[in-house]
Amino acid sequence: MKIFIDGKFCNERDAKVSVFDHGLLYGDGVFEGIRAYNGRVFKLREHIDRLYASAKAILLEIPLTQAQMMKATVDTIRANKLRDCYVRLIVTRGIGTLGLNPRSCKKPSIIIIAGKIQVYPAELYARGMDIVTVPTVRNLHSAVNPAIKSLNYLNNILAKIEANNAGVEEAVMLNAEGFVSEGTADNIFIIKKGALYTPPLYAGALYGITRGTVMELAEQSGIKVAETNLTRYDLFNADECFLTGTGAEIMPVIKIDGRIIGTGKPGPISKQLTEEYHALTKVSGEPI
Ligand code: PMP
């Protein structure tokens, strides 16, 4: 595997970062997870825009233009001769002193890894997922804004551990007011009486690229879409529920906190949107 580090490709064995990189010492940095399907990078422009928006929010100046970053991403996939893959873009604050002050970091580091994607088994998509809400509250947007895709994922990891402890695959996080925010690495949607609902960003959600795509697909099919605060009650009484993310794509949810959702099987609108999403991934994107 060829890994891009600061403008050079190196082998997996030599792909190392300094123990003084503030990405490691403090989680000071930002990242993206992107997928390529059928020789095209899906929604590359949107992912690059979000990377630079996250970096701007933490005053991290990425030492490449957006066009150069897009090219580096495509070049990394090409160097690995991949057509269907997952790409991880990472920008760290760079090497500094042991103190947390980012002023000691003179140059941010850019890492691009293109590898195989680990997906959930097909049976799970067919059956639907059992999830729980967890005690760990989503970061306040006035603290570390969940819209920033930062290297500091402890909030999400704690929620994931709580899902593991509950014996399920995924957790839904609520915000400090008790409204639904999102999964640990996915956005959440419900369907009620034919309309699609998802929490607004201010509820503590990441501006998910898959979320945006699914909203567009729904609107194109004449399905009403609304961003609105949701409670656990709304989740329990939904007709359908699903999670969205670059890795998971669209994952139907059939049980939440022991309550069966809808018929207990992936519903028709979830299935329709999944088919439309898969069709789109096959034909659109930046050619490799
Ligand atoms: N929320 C969080 C916390 C995430 O890390 C992600 C990305 N995996 C998502 C939502 C989904 O975003 P996207 O559709 O852009 O992958």
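Please read all numbers here as calculations on a predicted model, not as lab measurements. (Residues numbered from 1 in each chain as written. Predicted model: local features only at pLDDT ≥ 70, side-chain atom pairs only at ≥ 80, totals over all residues. Heavy atoms only, no water.)

A. The site of the ligand, seen in detail. As a structural note, the neighbourhood of the ligand is formed by 17 residues, with Tyr153, Glu182, Ile209, Thr210 and Thr246 the closest of them. Ile209 places a polar main-chain atom, nitrogen or oxygen, 2.7 Å from an oxygen atom of the ligand. A distance of 2.5 Å separates an oxygen atom of the ligand from a polar atom in the side chain of Thr210. About the coverage of the ligand: the protein hides 94% of its 390 Å² of free accessible area. Of all the secondary-structure elements, those providing two or more residues to the shell around the ligand are helix H6 (209-220) and strand S13 (240-245). Each residue belonging to the shell around the ligand can be placed in one class, and the counts come to four nonpolar, eight polar and five charged. (Near = heavy atom within 4 Å. Polar contact = N/O pair within 3.5 Å; in protein donor to acceptor, adjacent residues only side chain to side chain. Areas by Shrake-Rupley, 256 points an atom, 1.4 Å probe, with all protein chains shown as cover. Helix = DSSP H or I, 4+ residues; strand = E, 2+ residues; numbered from the N terminus. Nonpolar A, V, L, I, M, F, W, Y, C, P; charged D, E, K, R; others polar.)

B. Quick look at the environment of Asp186. Mapped onto the elements of the fold, Asp186 is located in the loop between strand S9 (180-183) and strand S10 (187-192). The spatial distance from the C-alpha of Asp186 to the C-alpha of Phe242 is 9.6 Å, given a sequence separation of 56 residues. When near neighbours in sequence (up to four residues on either side) are disregarded, Asp186 contacts Glu170, Leu243, Thr244, Gly245 and Ala248. (Contact = heavy atoms within 4.5 Å.)

C. The nonpolar core, seen in detail. Ranked by internal contacts, the top residues of the largest apolar core, which has 27 residues, are Val30, Leu51, Ile62, Met69, Ile77, Val91 and Ile112. Of all elements in the fold, only strand S3 (29-37), helix H2 (44-57), helix H3 (66-79), strand S5 (85-92) and strand S6 (109-115) reach the threshold of two or more residues within this core. Apart from residues no more than four positions distant in its own chain, Val30 is found in contact with Leu51, Ser54, Ala55, Ile58, Leu60, Leu89, Ile90, Val91, Ile148, Lys149, Ser150 and Leu151. With 21 residues, the next largest nonpolar core counts Val180, Ile188, Tyr197 and Cys241 among its residues. (Core = buried A, V, L, I, M, F, W, Y, C linked by side-chain atoms within 4.5 Å. Buried < 20%, exposed > 50% of the residue type's maximum accessible area, 1.4 Å probe, protein only.)

D. Structural detail: H2. In this model H2 runs 20 Å from its N-terminal to its C-terminal C-alpha over 14 residues, within 8% of the 20 Å that 1.5 Å per residue would give. Of the positions making up H2, those classed as buried are Leu44, His47, Ile48, Arg50, Leu51, Tyr52, Ser54 and Ala55. The inward-facing, buried residues of H2 abut S3, strand S4 (40-41), H3, S5, H6 and strand S16 (286-287). Note on H2: the residue one or two positions beyond its end, Leu59, has a positive phi of about 55°. (Expected span 1.5 Å × (residues − 1).)

E. Structural view of the domain arrangement of the protein chain. Each assigned domain of the protein chain is listed here: domain 1 (2-115) and domain 2 (123-283). Distance between the C-alpha centres of domain 1 and domain 2: 26 Å. Taken together, the contact pairs 25 residues of domain 1 with 21 residues of domain 2. Counting the surface lost from both domain 1 and domain 2, the interface buries some 1,800 Å², and carbon and sulfur atoms represent 62% of this. Remark: the boundary between domain 1 and domain 2 carries one salt bridge. One salt bridge in this structure joins Glu249 and Arg35, with 3.6 Å as the shortest N-O distance. The interface formed by domain 1 and domain 2 includes eight residue pairs in polar contact (both at pLDDT 80 or more). Residue assignment for the side of domain 1 that touches domain 2 shows that the elements contributing at least two residues are helix H1 (22-26), S3, H2 and S5. Among the elements that line the side of domain 1 that touches domain 2, the one with the most residues is S3, at eight residues. Class assignment of the residues belonging to the side of domain 1 that touches domain 2 gives a composition of 10 nonpolar, eight polar and seven charged. (Domains from an automatic or database assignment. Buried area = accessible area lost by both parts, 1.4 Å probe. Salt bridge = Lys/Arg side-chain N within 4 Å of Asp/Glu carboxyl O.)

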